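Structure at a glance
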Amino acid sequence: MCGIVGYIGKKDAVSILIDGLKRLEYRGYDSAGIAVLQDGQIKLRRSAGKLANLEDTVKKNPLAGIVGIGHTRWATHGKPSEENAHPHTDCTGDLVVVHNGIIENYHLLKKQLLKEGHIFKSETDTEVVAHLLEKHYQGDLHKALRETLKELAGSYALGVISRKDPATIVAARNGSPLILGVGEGEYFIASDAPAILQHTRKVIYLDDGDSARLTVAGIIIYDKAGQEIKKKVNVITWDPIKTEKAGFKHFMLKEIFEQPQVILDTFRGRVMPEEGEIFLEEVQLEPDYVQNINKIFVVACGTSYHAGLVGKYLFEDYLRIPSEVDMASEFRYRNPIIDCQTLVIVISQSGETADTLAGLREAKTKGSKILSICNVVGSTITRAADGTIYTHAGPEIGVASTKAFTAQLTALYIILLYLGRRRGIMSKEEAQTIIEKMMHIPSQVEKILATAGEIIKIAQDFFKKTDFLYLGRNVNYPIALEGALKLKEISYIHAEGYPAGEMKHGPIALIDENMPVLAIATKCKTYEKILSNIEEVKARAGIVIILATEGDESIKKKADYVFFVPETLEILSPLLNVIPLQLLAYHIAERRGCDVDQPRNLAKSVTVE
Ligand code: AGP
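Quick notes on the rules
- Residues numbered from 1 in each chain as written.
- Predicted model: local features only at pLDDT ≥ 70, side-chain atom pairs only at ≥ 80, totals over all residues.
- Heavy atoms only, no water.
- Helix = DSSP H or I, 4+ residues; strand = E, 2+ residues; numbered from the N terminus.
- Contact = heavy atoms within 4.5 Å.
- Areas by Shrake-Rupley, 256 points an atom, 1.4 Å probe, with all protein chains shown as cover.
- Lys, Arg positive; Asp, Glu negative; His and termini not counted.
- Charge placed at Lys NZ, Arg CZ, Asp CG, Glu CD.
- Phe/Tyr/Trp six-rings, centres within 6.5 Å; stacked < 30°, edge-to-face > 60°.
- Buried < 20%, exposed > 50% of the residue type's maximum accessible area, 1.4 Å probe, protein only.
- Near = heavy atom within 4 Å.
- Polar contact = N/O pair within 3.5 Å; in protein donor to acceptor, adjacent residues only side chain to side chain.
- Nonpolar A, V, L, I, M, F, W, Y, C, P; charged D, E, K, R; others polar.
- Pairing = 2+ DSSP bridges.
- Axes fitted to C-alpha atoms, helices over the stretch in contact; angles between N-to-C directions.
- Parallel < 35°, antiparallel > 145°, perpendicular 65-115°, else oblique.
- Left-handed = near helix turned anticlockwise from the far one by under 90°.

This part covers the overall build of the protein. Along the protein, the regular secondary structure elements total 19 helices and 27 strands. Its C-alpha atoms give the protein principal-axis dimensions of roughly 80 × 55 × 45 Å. Across the protein, the fraction of contacts at a sequence separation of at least 24, relative to all contacts at a separation of at least 6, is 71%. In the form shown here, the protein has an accessible surface area of approximately 22,800 Å², with 52% of it arising from carbon and sulfur atoms. Counting 73 positive and 78 negative side-chain charges, the protein places the centres of these two groups 2 Å from one another.

Written out as structure tokens, the structure is:
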């Protein structure tokens, strides 16, 4: 997630901007920049990498001013570099803009602006905003912003300054947070409160569609219709550290609650519900190659491997392409059978996992095309792959992966739709149905998160247990594995995931009154089968927690505990079913006093074998 800071007042903007950006570092970034108005000109300093690099740049080439904007960028379009760092300028250099979010229609806008003679300098979606402002500017920066917003689709928090409106910052918000700080004769914009708390605790929260004009005389706010409105000035009582976690006790819990937005951000701009179409410009696969893919391998580790396992079910069931999923540490040494028509998909949150990178290289030497699903732009794996579908999860701070996992699943559904439509095996109607149901997932995840209190009750009864069994079938078998991994890696309770049908081949020997069993029994084609598996457990005095579909009241009598999730397509159910399992692992670990964000012995990215 990017960070935005802006200042207008009587003090030196440069130090306020850089200090504010430092307080947003926890959001993660890979480049940074500031711009101030100095002697009637826009002065711009940007650098790739950490803020220390930007500070060096500023030291070598100082600037000063009382109006300015700053930005830390988490790359989503275009690699981390100086030319892709914000702020971005228009053709004239008269104005600069900083942006957080995704401009979904930037391809079309950029094409039109290029036709109109605008010169682009970066690979970013944001730069189209600078050129639209230039196009619409007729003497009033805020009016130019309002005209620009009419052309944008997607999510944005924007800050703009211009040499032609020297004592002004204009800002707007739609889908990405932006707050305004109210000081004594000085005003601020920021993505999040920590950036400005040391200057003021009085903030105004902009709503989607709002825009604002900040001058030293004060702030004027306009609603979606462009009407001037009054907004409440709130006083923040949080301490800065707590605001980094947005009031959550741990980053992991914050990241679990970010998943509705992450899933939305990962599919938005890539799916066209009306047309049942998928846009994957970042994936350059020739049509005849797509038609002739004869095998898919998915290669990954840990949680990313579990995402890949869901992919196997999707690809074989819908695309009828033989698919295998390998743990990268095994794949790299087993001399897999690969040819030029094999598609290898590597999945990695960090893009730096040594085994996964080695698996990628092994596949490459054998001649296959490599797609990566990754959360870090410009990471080693993305640079080694032929194409990358970026998960727009933002930086994942908690070592136990949560939002990256659901973002990876979302990317896999997008690949399924992309290949299905292009191989002519998935009809437009079928794709539209899946897309339509996928558009409901974020609000359904919100609904699950709103009932997290039920999970806390279950966690209170089980946090002292020493073992746990998770059961699932078909696309929810990998979710059983993921639920078990979440629990074991943060609570240190021994937990195993099994295909429910496997119980009678050994694991049932474990069942007694001390062994909790969590069964994923949401509506699916093997629903009756999993009910029998639950009976097998109950018959041996096992304790059963059931994950069921809302409205399935009959299942209650088979369970000691039931947690309901909304109904969706079976193939999409992993996106919903994993949420309660993440919450259960978190609340059990938290009750056990474990270091949830930094579990013992674990690293966020395993960059060695
Ligand atoms: C996830 O909860 C684990 N911390 C771990 O299994 C992780 O998924 C694995 O190390 C792979 O990491 P990557 O996705 O960054 O490649």
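Enumeration over the complete set of coordinates arrives at six aromatic pairs. Seen in terms of ring centroids, tyrosine 7 and phenylalanine 188 are 5.3 Å apart; in terms of plane orientation they differ by 55°. Their pairing is tilted. Of this pair, tyrosine 7 sits in strand 1 (residues 3–8) while phenylalanine 188 sits in strand 10 (residues 187–190), and the two are 181 residues apart along the sequence. In terms of burial, tyrosine 7 and phenylalanine 188 fall into one category: buried.

Neighbouring residues of the ligand: 13 residues in total, closest Ser304, Ser348, Ser350, Thr353 and Glu489. Side-chain polar atom of serine 350 to an oxygen atom of the ligand: 2.7 Å apart, as the coordinates give it. Its free accessible area being 420 Å², the ligand has 91% of it covered by the protein chains. Counting residues per element, the ones that place at least two in the shell around the ligand are helix 10 (302–319) and helix 17 (477–491). Ranked by the residues each element gives to the shell around the ligand, the list is headed by helix 10, at three residues. For the shell around the ligand, a count of residues per class yields three nonpolar, eight polar and two charged.

Moving on to the sheet that holds strand 12 (residues 211–215). Reading across the sheet, the seven strands line up as 5-6-7-8-12-13-14 and stay open at both edges, with antiparallel pairing between neighbours. Looking at strand neighbours, the two that pair on one side only are strand 5 (88–89) and strand 14 (228–229), the edges of this open sheet. Taken together, the nine bridges between strand 6 (residues 95–103) and strand 7 (residues 154–162) define a ladder with antiparallel strand orientation. Across the sheet, the residue bridging to histidine 99 is leucine 158, located in strand 7.

A few words now on helix 8 (residues 259–267). Counting buried positions along helix 8 yields seven of nine residues, so the element is predominantly enclosed. Turning to helix 8, its buried residues number three or more, namely Gln259, Pro260, Val262, Ile263, Asp265, Thr266 and Phe267. Residue glycine 269 follows helix 8 closely and has a positive phi angle near 85°.

If you trace the eight strands from one edge of the open sheet to the other, you get 3-2-4-1-10-9-11-15, paired in antiparallel fashion. Both edges of this open sheet fall to strand 3 (41–48) and strand 15 (234–235), since each of them pairs with a single strand only. Pairing of strand 11 (residues 202–205) with strand 15 involves two bridges; the strand directions are antiparallel. Paired with valine 203 across the two strands is asparagine 234, which belongs to strand 15. Contacting strand 1, strand 2 (31–38), strand 4 (67–73) and strand 10, helix 1 (residues 13–22) runs over the sheet at an angle of about 160° to strand 2. Relative to the sheet, helix 2 (residues 51–60) contacts strand 2, strand 3 and strand 4, its axis offset from that of strand 3 by approximately 140°.

For the rest of this paragraph, the subject is the pairing of strand 9 (residues 179–182). Neither face of strand 9 is exposed, since Ile179 and Gly181 on one face and Leu180 and Val182 on the opposite face are all buried. Count of turn residues in the strand 9/strand 10 antiparallel hairpin: four residues, of which glycine 185 carries a positive phi of about 70°. Bridge analysis of strand 9 against strand 11 gives three bridges, and the strand direction is antiparallel. Across the sheet, residue leucine 180 finds its bridge partner in strand 11, namely isoleucine 204.

Okay, the packing of helix 3 (residues 106–115) against helix 4 (residues 127–136) next. The N-to-C vectors of helix 3 and helix 4 enclose an angle of 50°; their axes lie 10 Å apart at closest approach. In this view, helix 3 runs oblique relative to helix 4, as classed from their interaxial angle. Relative to helix 4, helix 3 is oriented so that their crossing is left-handed. Between helix 3 and helix 4, the contacting residues are Tyr106, Leu109, Lys110 and Leu113 on the first element and Val128, His131, Leu132 and Lys135 on the second. Taken together, the residues that form the contact of helix 3 with helix 4 break down as five nonpolar, one polar and two charged.

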